[in-house]
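Descriptive analysis of the structure
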Amino acid sequence: HQQLPSTNSGSVRRLDHNNTGRTTAIMKITASFSLVVPALLSGTAYGFGLSMPGQAQALRLPTSAAASVSASNTRLAMSAVADDVEAKKEIEEADEMPESLVRDEDGPDGNYPMRRKMEQMLREAQISITESIEKIDGGATFHEDAWLRPDGGGGRSRVLADGKVWEKAGVNLSVVYGSMAPQALAAATERSGNRPEPGPDGKVPFFAAGLSCVMHPRNPLCPTMHFNYRYFETDGGIWWFGGGQDITPCYVNEDDMKHFHGSLKAVCDKHDPEYYPKFKKWADDYFKIQHRGETRGLGGIFFD
């Protein structure tokens, strides 16, 4: 193994090697990750997709808007966490997940059909992905915890630890309700300009469903991978999809990176040839470490 000079990312180095087993494993798990991407982009099995009228318009944003995404999401997350601290104290562990975490009273005005479809798709994706990970690992299995919120919603976390391939891997489902403060609402809707009227307390109720995953392999030659895909809706009918997927190798294997980005491009190209270059640049901007002038890892896709 010969280590070559570092790339333009100070945290990533290039290594020439022949490790067929590692390459095969990472290609398999990349394929399992990509299961959730085509479903979100097309939604053919669930009757919705990003290419539908209205959705496509919301996503066809100038790439210059990506520069504000990180700061906006940070403000949104900080505000949501601050508003939600007391509610989180009331989280209850559950022996098993109910059939649905979407409130029954969310009728047409609350877009119940879309909320329910998104939850079902994410549930199935979580099971499919974790089963694939367990099969590839061949050692450890996922430990599952379910949790419920008294005011509605909940989630299911699945964590694998001390495996043969992965030191730790988590795939987590969340279906939650909350109230968004004015600052968070402004950050979340600044690109569209569409903002619902806040309630008497100055906040806007929201619904969010998402699936997130982070995986840390034992072998430093195998990259860490992350994804998060979500559906967000506020009272008043404003809604959007968001998320992305990225890869962070310690040592760069160009074949693996080509496979990772090639898989994402193939999925995006099925729906719009402009998606991949637009979402890739969005990810490059989103994951750029400004004060170091470099990106975190080798990118992927991002949209919001």
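The structure we're discussing is the one just above.
Below, the structure is looked at part by part. (Residues numbered from 1 in each chain as written. Predicted model: local features only at pLDDT ≥ 70, side-chain atom pairs only at ≥ 80, totals over all residues. Heavy atoms only, no water.)

1. Looking at the pattern of salt bridges
Per the counting criterion, the structure on display carries 11 salt bridges. The partner of Glu144 in a salt bridge is Arg158, and the shortest N-O contact between them spans 2.8 Å. Highlighted residues: Glu144 in strand β4 (residues 143–148) and Arg158 in strand β5 (residues 153–161), separated in sequence by 14 residues. Classification of Glu144 by relative accessible area gives partly exposed; the value is 36%. For Lys281, the salt bridge identified is with Asp285, shortest N-O distance 2.8 Å. Of the two residues, Lys281 and Asp285 both sit in helix α8 (residues 275–286), 4 residues apart, roughly one turn of that helix. (Salt bridge = Lys/Arg side-chain N within 4 Å of Asp/Glu carboxyl O. Helix = DSSP H or I, 4+ residues; strand = E, 2+ residues; numbered from the N terminus. Buried < 20%, exposed > 50% of the residue type's maximum accessible area, 1.4 Å probe, protein only.)

2. A short note on the packing of helix α7 (residues 254–269) against α8
Their axes nearest at 8 Å, the elements α7 and α8 cross at an angle of 130°. Between α7 and α8, the interaxial angle falls into the category oblique. Counted together, His261, Leu264, Lys265, Cys268 and Asp269 of α7 and Tyr275, Tyr276, Phe279 and Lys280 of α8 form the full contact between these two elements. Taken together, the residues that form the contact of α7 with α8 break down as 5 nonpolar, 1 polar and 3 charged. (Axes fitted to C-alpha atoms, helices over the stretch in contact; angles between N-to-C directions. Parallel < 35°, antiparallel > 145°, perpendicular 65-115°, else oblique. Contact = heavy atoms within 4.5 Å. Nonpolar A, V, L, I, M, F, W, Y, C, P; charged D, E, K, R; others polar.)

3. Notes on the packing of aromatic side chains
One pass over the structure, following the stated rule, counts 15 aromatic pairs. Aromatic ring contacts, followed pair by pair, group Phe227, Tyr229, Tyr275, Phe279, Trp282, Tyr286, Phe287, Phe302 and Phe303 into a single cluster. Positioned above the aromatic ring of Tyr177 is the side chain of Arg103, whose terminal nitrogen or guanidinium carbon lies 3.8 Å from the ring centre. (Phe/Tyr/Trp six-rings, centres within 6.5 Å; stacked < 30°, edge-to-face > 60°. Lys NZ or Arg CZ within 6 Å of the ring centre and 35° of its normal.)

4. Thoughts on the environment of Gly153
Here Gly153 lies in strand β5. The buried category is assigned to Gly153, whose relative accessible area is 7%. Gly153 sits 24 residues away from Tyr177 along the chain, and the two C-alpha atoms are 6.2 Å apart. In this structure, Gly153 is in contact with Leu101, Leu148, Val175 and Tyr177, ignoring residues within four places of it in sequence.

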